[in-house]
Amino acid sequence: MDSVSETHDPGGGTAATALEWFVDPVLAVTDGVITFANEAARTEFDLQEDALPREPGPVFDSHWERIETALTETTVGTARHVSLETAEYDVRIHRGETGATIAFERLGEQEPPASDRTVKDRAINEAPVGITISDPDRDDNPLVYVNEAYEEITGYSYEDVVGRNCRLLQGEESDPEAIAEMRRGIGEERPVTVELVNYRKDGTAFWNEVTIAPVRNGDGETTHYVGFQNDVTPRKEAELELERRTEELEYILERVQGLIQDVTDVVAGSTSRSELEAAVCERIATEEAYDGAWIGERDPATERIEVRERAGVPVDGPSIGDDHPAVEALDTHAVAVDGDGDTTHASFPLRYNGIDYGVLTVCTDRDRPIDDRESVILSALARAVASGVNARETSRTLATDAVVAVDIELTDPAFAAVALSAATDARLEYRRSVHRTGDGTASLFTAEGASGEELRAAAADLSGVSLEVLVEHEGSCLIELTDEDDPVGWLSDRGVRTQTIESEDGSARLSLEIPRSANVRSVIEAIEDRYAGTDVVSFRQRESEGRSRHEFASRLEASLTDRQFTALQRAYLAGYFEWPRPTTGEELAQTMDVSRPTFHEHLRGAEAKLCRAFFGDD
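As the structure is a prediction and not an experimental result, all values here were calculated from the model.

K.L.:
I'd like a description of unusual backbone geometry, backed by residues and values.
P.N.:
Cis peptide bonds are those with omega within 30 degrees of zero, and the linkage from Leu52 to Pro53 qualifies with 0°. Residue placement: Pro53 occurs in the loop between helix H3 (39-45) and helix H4 (57-60). Unusually for a residue other than glycine, Asp31 sits at a positive phi of about 55°. With respect to the helices and strands, Asp31 occurs in the loop between strand E1 (26-30) and strand E2 (33-37). Its identity is not glycine, yet Asn141 carries a phi of approximately 45°, on the positive side.

K.L.:
Provide a residue-level description of helix H15 (residues 452-460), including the pertinent values.
P.N.:
Along H15, the residues that are buried comprise Gly452, Leu455, Ala458 and Ala459. For H15, the arc enclosing every buried residue in end-on projection is 130°, short of the 170-degree limit, so these residues lie on one face. Away from its buried face, by an angle of more than 90 degrees, H15 presents the exposed residues Glu453 and Ala460.

K.L.:
I'd like a rundown of the sheet that holds strand E10 (residues 222-231), residues and numbers included.
P.N.:
Spatially, the 5 strands line up as an open sheet ordered E7-E6-E10-E9-E8, and their pairing is antiparallel. What marks the edges here is a single partner per strand, and that holds for strand E7 (143-146) and strand E8 (192-199). Between one strand and the next, the sheet's axes are offset by a mean angle of 25°, whatever the strand orientation. Of the pairings in the sheet, the one linking strand E9 (residues 205-216) to E10 comprises 9 bridges and is antiparallel in character. The partner of Ala213 across the bridge, within E10, is Val226. Sheet strands in contact with helix H9 (residues 176-187) are E8, E9 and E10, and its direction is about 135° off that of E8.

Each value, and the rule that gives it
Residues numbered from 1 in each chain as written. Predicted model: local features only at pLDDT ≥ 70, side-chain atom pairs only at ≥ 80, totals over all residues. Heavy atoms only, no water. Helix = DSSP H or I, 4+ residues; strand = E, 2+ residues; numbered from the N terminus. Buried < 20%, exposed > 50% of the residue type's maximum accessible area, 1.4 Å probe, protein only. Arc of directions from axis to C-beta. Pairing = 2+ DSSP bridges. Axes fitted to C-alpha atoms, helices over the stretch in contact; angles between N-to-C directions. Contact = heavy atoms within 4.5 Å.

Shown next, in the form of structure tokens:
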């Protein structure tokens, strides 16, 4: 019996008459109610023929729940055996599209053996993935079975989908190529797996991994198709997001690659800070993704940010109030992004070696925010600009006399000269820094009031400090001091020229020159952060005309070889040109690890160049 309509013949048809002859009870159930009962069933369950249809629950008592479950699990067009675990009956269910026939089979004294088919059916119904079975022999290959997981995934009940084609899950965003691939698989009677967007009963979309495979009988003929549905929405969304982010990153890298290269070329090729800043702003403004850019710095007098260079922004410049992200970027030394409703402003601090050189602000359309990856790239660009500004400001130190002269005192023992003067009662005076091949930079000091042995012993107690006594004569030493921290080099990297260092009694006084165009406050703050107990004694602006002594010395030094410069410097600082000479050429040669004739050759070469600098025509 395939369906209730085929089984129940209220007009006294052949099917109903045949069922009346059954000695075992037989009932038909349609839409959840009993619509037919043969004579054996009416007698067994005390039913009146004129009282049908009737709710089945009270008729079967505790057995109805088990029977109802089997009704749901039975595939359309198939039969299922159900044990009621009683001494009288088992049940055989024949399932149709609109109903089912329930036949009660009397048991003998032996309980029927467990059915392997029943175990497999139960496993399919309780599987954690959606499972469907369709019948290709029926019109439009309709579904004849769905399990509970399918109902949970799709929101459709058994009654909603049985008798309908599986395409009911498809919708607007379902991939036509995936649908075509499933059709090809069914047409060729082969397994096929696709991923596509499907829609639940409530209209919500989800990503469905669908596998369809033919089910063949003993003769190899396809009788059904089994389908497996797996909701892979989280995994698919993660994959799509990764693809989107990868494409976006590739787009950003492609777009900014030329920008970074051009800005790097500007940093390397510009001859002044203004030229560098103007070129950077112009290059950013030509980028399609940005409206423009500007570079500004904080005025130490007004504490407000003044625009130095701009491109692509209004002539009067953006409004730079206290709530502008440029202020936050300078205060926090970090990227700051905000918008005014029309434009997004992303500000990047121009900071190098602890010195602030201003802020770079990139402006873009409000609808296209600057994400984290782009921010990282622009931050690197800002650091390159700051490095270029630092190089220009450092070079200005030697080329200009328009400087701010600053005297500071510090007592931090991390400063090697302070520690040495405190440990030995020596008075140290800085003479010059020297570059040592392969060993970095060292500083020459004259020291009075302590012997070379005392100075060496004191330096041995200092971490990262080495001391070599070059010349010692009548209570005075010329020492070469190497410090891993190299304060003179650290200051030079920030555009600061060290004029003098005098240290005694655990305190040092430094006279420094900072280009007037530099951010003097930022430099002083960096020194205060580095050395505890820093006290600014005085500020003086100094400006002179004509060629400076430092420029002359720099040009002369550039003409000397390293050996000539070292020989001339050590001879002068050791008093070699005084009379009587406190040291000999042989002693100075030993400090350079060369022979006496070689030392004199380097010294004579340096003296000749010095004379040409004074008396020559250049």
